[in-house]
Amino acid sequence: MIWDDYMAIPHFGVLLVRLLESRGADIGWLASASAVSEEELYSVVGGLMPTPDQLHGLARALGLRVADLCVMSGVPVLERDVPRETAAGSELARLIHIMVALPPDQRDRIHDLIMRELPQASYAADNSPPLRACDQRVGSFGEMLIIMLRDNRNLYSLDSVLWVLGALTHGTVALSHSDLRSIANGVMPLSPTLLTGFATVLGIPVRDLAAVVGGDLPGTGLGSDPLADEMAELLWTCRGLTVGQIGAVCETAEAMLVAVPADGSVDGWNRVFHHHGTWWGTPKESTSD
C-alpha cells in the first residue's frame, strides 16, 4: 500500500526519518541493526507500508515496542502483541496506585510475583478484540498517542488513562475526558508538557516522541523519574495478565500497606485508601531508593 498525500499524519517513512535524524543515525545503520535491507527501508521511507516482520526488526533496533510502531504505521497490531483482557484497565490503575506508595524492596517482591509466580495468560484469549491502528486519514498525533497508551497498555477506560497520566507525572498532566477528546481530534495541541507526560507513561524517550510528532522539546521537563520509568515498564508487563491475575497481585500489594497513624502528617505519609475510618499507606521516606 502507498500512502496518500492528504493523510493527516505523515506516512511512517517520514516518522522513521525524523526519529533517525533526531538520534543522529541513518538508513545504513538501521539496516545493519534491524536486519531489514536498505532497499526495503528506502521503500518504506518512500511511502510503502511496512510489513509486520519489518516492524519487529525496527523495534529491536530502535528499542521501541512493536505494538507502538504498528500504531504509528497504521499496521494492525498482531495477535501476539494484543493485551489479554481489555477489562483489566481499572485493576491496572489500582495496582499503579498502590505500587507508587511502596518502598523499593516491596515493589521488587511484586515485580517478582508478576514475572515468576504468575503464568502469562494464553495468547488465544477470546475476549480481547484486535487493537485498532490510528487511522491516518482522519487521525492526529494526539489520537496516535492515546491509542498507544489506552489500547497498547491495556488501560482502555479513559478514567484509567487520566489517572495514570496524572499519577506518573505528579499532577503535571491533569486532563479531563473532554481534554482527551480535544487531543484526539487535534484541537488541543501537543505542548511540550503533554509530550513529556505521554513519553513518561509510555516509557518512550521524550526526544524520540517529540521527533516523531514534530513537536517541541520541553525547556524544562519532568526530569528523570526512576519510579515513573518503573511503573511504565510495569504497565507493559501486565498486558499479559488476566483481570483475575492482576487482582491477585493488587491484593498482595495491598497487604503490604500499614495503617497511617491518626496523627500522621500529610508530608510524612502516602495515603493509598481509606477503610472504616482508617487510612492505609506507607511512610513517604520508605518509597525512595
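Note on numbering: residues in each chain are counted from 1, in written sequence order. Residues qualify for local features only when their pLDDT is at least 70, as the model is predicted, and side-chain atom pairs are given and counted only at 80 or more; totals for whole chains, interfaces and linings, by contrast, use all residues. Side-chain measures were taken over the full set of non-hydrogen atoms in the model, leaving aside hydrogen atoms and water.

1. Notes on the side chain of Asp225
So, step 1. Here Asp225 is to be found in the loop between α12 (206-213) and α13 (226-237).
So, step 2. Buried and unpaired, Asp225 has no salt bridge, with Arg107 as the nearest side chain of opposite charge at 8.4 Å.
So, step 3. At a separation of 2.7 Å, a polar atom in the side chain of Asp225 contacts the side chain of His170.
So, step 4. Should any heavy atoms of two residues lie within 4.5 Å, those residues are considered in contact. Asp225 has contacts with Leu168 and His170, leaving out every residue within four places of it along the chain. A run of DSSP states H or I qualifies as a helix once it reaches four residues; a run of E qualifies as a strand once it reaches two. Both are numbered from the N-terminal end. Exposure categories follow from relative accessible area, calculated using a 1.4 Å probe and restricted to protein chains: below 20% of the type maximum is buried, above 50% is exposed, and the middle band is partly exposed. Residues counted as positive are Lys and Arg, residues counted as negative are Asp and Glu, and His and the chain ends are not counted. Salt bridges are identified by distance alone: a Lys or Arg side-chain nitrogen within 4 Å of an Asp or Glu carboxyl oxygen. Throughout this description, a polar contact denotes any pair of N or O atoms lying within 3.5 Å of each other; where both atoms belong to protein, one of them has to be capable of donating a hydrogen while the other can accept it, and for residues adjacent in sequence the pair is counted only when both atoms sit in side chains.

2. Regarding unusual backbone geometry
So, step 1. One non-glycine residue, Ala35, lies in the positive phi region at around 65°.
So, step 2. Along the chain, Ala35 turns up in the loop between α2 (27-34) and α3 (38-45).
So, step 3. Judged by its relative accessible area of 70%, Ala35 is exposed.

3. Some thoughts on the packing of aromatic side chains
So, step 1. We call Phe, Tyr and Trp rings a pair once their centres come within 6.5 Å, taking the six-membered ring for Trp, and we label the pair stacked below 30 degrees between planes, edge-to-face above 60, and tilted otherwise. Inspection of the entire model under this criterion finds zero aromatic pairs.
So, step 2. Charge-over-ring contacts are defined here by two conditions on Lys NZ or Arg CZ: a distance within 6 Å of the ring centre and an angle within 35 degrees of the ring normal. If you follow Arg239 out to its NZ or CZ, it ends over the ring of Trp236, 3.9 Å from the centre.

So yeah, pure geometry; function would need other evidence.
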